[in-house]
Amino acid sequence: MSLSHTSISGLRSLLSKGEISARDIVDDLLLQTSQRDGEVGAFLSIDAERIRAAADQADLSLPLGGIPIAIKDNINALDEPCTCGSRFLSENYRSPYDAGVIRKLREAGAILFGRTNMDEFAMGSATENSALRVTNNPAALGHIPGGSSGGSAAAVAAHFVPAALGSDTGGSIRQPASHCGIVGLKPSYGRVSRYGLVAFASSLDQIGPMTHTVEDAALLLQHMAGHDPLDSTSLPVAVDDYLASLHHGVKGLRIGIPQEYFADGLDPAVRAASMAAVAKLEQLGASIVEISLPHTEYAVATYYIIAPAEASSNLSRFDGVRYGHRTSQPADIMSLYQQSREEGFGPEVKRRILLGTYVLSSGYYDAYYNKAQKVRTLIRRDFEQAFQQVDAIVSPIAPSPARKIGDCSNPLEDYLADVCTIPVNLAGLPAISVPLPTDGLPIGLQIITPHLQEALLLRVAQAVESA
Ligand code: GLN
């Protein structure tokens, strides 16, 4: 098996036996990428010289020593580009510092391997909103990889890297993982530092691992999670040992099937693959319980008020003064702001800023933003009540497999397809997408557990993967 098809744990074992060097790994991956990324389009930039230098200095005694990891282009890493898939930041911005997770991964010995394509400022579900590049699904060229972490999912699925980081605000790790046939984990809100992640919707954003195997996701999360004093929302609680209970199986666990997530309109292949996985879990000794999450139908509307509201505030820092694009000949300070933003942002970002500004404006704040916050509480309570009956919940990730590139006529279609992933972010819970066996396009199963129960999440995911 070539190095590009080897998992993190496989690479670690070859490295520790001295059979390969970190330089062998990155040379192999750089070759793969230079030969095939022209048709996939996973990366926005790769600094081969820097990667080789990091490999030559890798400390193999560290837990992730010599392991290359691709980074979504909205996570700051010192002196590297961080375009967020936007023209606004693609001209001249370089990160002046390392994000919290980047610091942790460097401390664990990982090598940063290139910056991956994404929907502009992480707004989208197809990576088609990137202003910079088209990304194809490696499992089916011509199809979307999903989004917004589509470049990271494609980089892993194409075997350019064993793992990548994504960010998930409403499904952006899990949905592209599902569409590309890889594992993607969104941690509990507060489990992983958001410091240095370019903020989209701060009360929802989390960074998480995207890998080939559940074990690799556990390993990576182990070295990403933990308190960071530079992120006031990161929780000062100890990190569990995610590998210790990974193979404990699902015997005796109660698994909830929310009826609202299996509603009409679900693609037959998605329904069949998900139900087959549920039957497998039952065979393995779990008991299957039908549950209800009654406020699910309001989740999309709630998210598309709260997320744009936070985005409109977060993105006000892009004004042409301190960061990125600045219009060339502004007449005055107001036109400096207006023209820089007009030229720098793409249509979806502008749509969200307008929407967010509207729902926060006086006269509409109570009708929209405040109401959405109340519904958010109801959605969180749905899960709290469900978790009194069950240990974990399983559902589809997306109502259908990856569509063709260019096949979406109206943004609302993509918004509605976020229905299974968004409630999890609104409730701050951990969730994972695990690939299921299919004859056609990849399909992922979503597993959701209570807050901070990533160890249980990974254990159920491991059972699904092994089955
Ligand atoms: N598809 C959702 C959106 O467009 C989620 C994006 C994300 O998780 N970053 O907002």
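The structure under discussion appears in the preceding block.
Residues numbered from 1 in each chain as written. Predicted model: local features only at pLDDT ≥ 70, side-chain atom pairs only at ≥ 80, totals over all residues. Heavy atoms only, no water.

Peer 1: Even after reading the chapter, I still don't get the site of the ligand, so can you show me in this structure?
Peer 2: Surveying the vicinity of the ligand reveals 15 residues, the closest of which are Thr169, Gly170, Ser172, Tyr303 and Arg352. Side-chain polar atom of Tyr303 to an oxygen atom of the ligand: 2.6 Å apart, as the coordinates give it. One of the side-chain nitrogen or oxygen atoms of Asp418 is found 2.9 Å away from a nitrogen atom of the ligand. The cavity that encloses the ligand is the largest cavity. Residue classes in the shell around the ligand are distributed as 5 nonpolar, 7 polar and 3 charged. (Near = heavy atom within 4 Å. Polar contact = N/O pair within 3.5 Å; in protein donor to acceptor, adjacent residues only side chain to side chain. 1 Å grid on protein atoms, 1.4 Å probe; cavity = no way out; pocket = protein on both sides within 12 Å on 5 of 7 lines; lining within 4 Å. Sits in = over half its atoms within 2 Å of the grid points. Nonpolar A, V, L, I, M, F, W, Y, C, P; charged D, E, K, R; others polar.)

Peer 1: Hey, could you run me through the pattern of salt bridges in this one?
Peer 2: Two side chains that carry opposite charge are able to pair once their charged atoms sit near each other. As enumerated under the stated definition, the model contains 17 salt bridges in all. Arg351 is the partner of Glu348 in a salt bridge, and the nearest nitrogen-oxygen pair spans 2.2 Å. With Glu348 and Arg351 both in helix α12 (residues 347-360) and 3 residues apart, the pair spans about one turn of that helix. Take Glu348: its relative accessible area is 7%, and that puts it in the buried class. Because the salt bridges share partners, they merge into one network encompassing Arg23, Asp27, Arg52 and Asp56. (Salt bridge = Lys/Arg side-chain N within 4 Å of Asp/Glu carboxyl O. Helix = DSSP H or I, 4+ residues; strand = E, 2+ residues; numbered from the N terminus. Buried < 20%, exposed > 50% of the residue type's maximum accessible area, 1.4 Å probe, protein only.)

Peer 1: Before we go on, may I ask you to explain the environment of Glu290 in this structure?
Peer 2: Considering the arrangement of structural elements, one finds Glu290 in strand β8 (residues 287-291). Accessibility expressed as a relative area gives 63% for Glu290, which makes it exposed. It is 4.9 Å that separates the C-alpha atoms of Glu290 and Ile257, two residues lying 33 residues apart in sequence. Apart from residues lying up to four places away in sequence, Glu290 is in contact with Ile257, Gln259 and Gln389. (Contact = heavy atoms within 4.5 Å.)

Peer 1: What should I look at first to understand helix α1 (residues 8-16) in this one?
Peer 2: An α-helix turns once per 3.6 residues; consequently, residues spaced three or four apart project the same way. Turning to α1, its buried residues are Ile8, Leu11, Arg12, Leu14 and Leu15. One side of α1 holds all its buried residues, which, seen down the axis, span an arc of 165°. Of the residues one or two after α1, Gly18 is the one with positive phi, at around 75°. (Arc of directions from axis to C-beta.)

Peer 1: Looking at this structure, I do not really get the packing of helix α10 (residues 299-314) against α12. What am I missing?
Peer 2: Each pair of packed helices can be summarised by the angle the axes make with each other and by the distance between the axes. Remark: α10 packs on α12, axes separated minimally by 7 Å, with the N-to-C direction vectors making an angle of 100°. With respect to α12, the element α10 is oriented roughly perpendicular. In this structure, α10 uses Tyr304, Ile305, Pro308, Ala309 and Ser312 to contact α12, whose residues at the interface are Arg352, Ile353, Leu355, Gly356, Thr357, Val359 and Leu360. Class assignment for the residues of the contact of α10 with α12 results in 8 nonpolar, 3 polar and 1 charged. (Axes fitted to C-alpha atoms, helices over the stretch in contact; angles between N-to-C directions. Parallel < 35°, antiparallel > 145°, perpendicular 65-115°, else oblique.)

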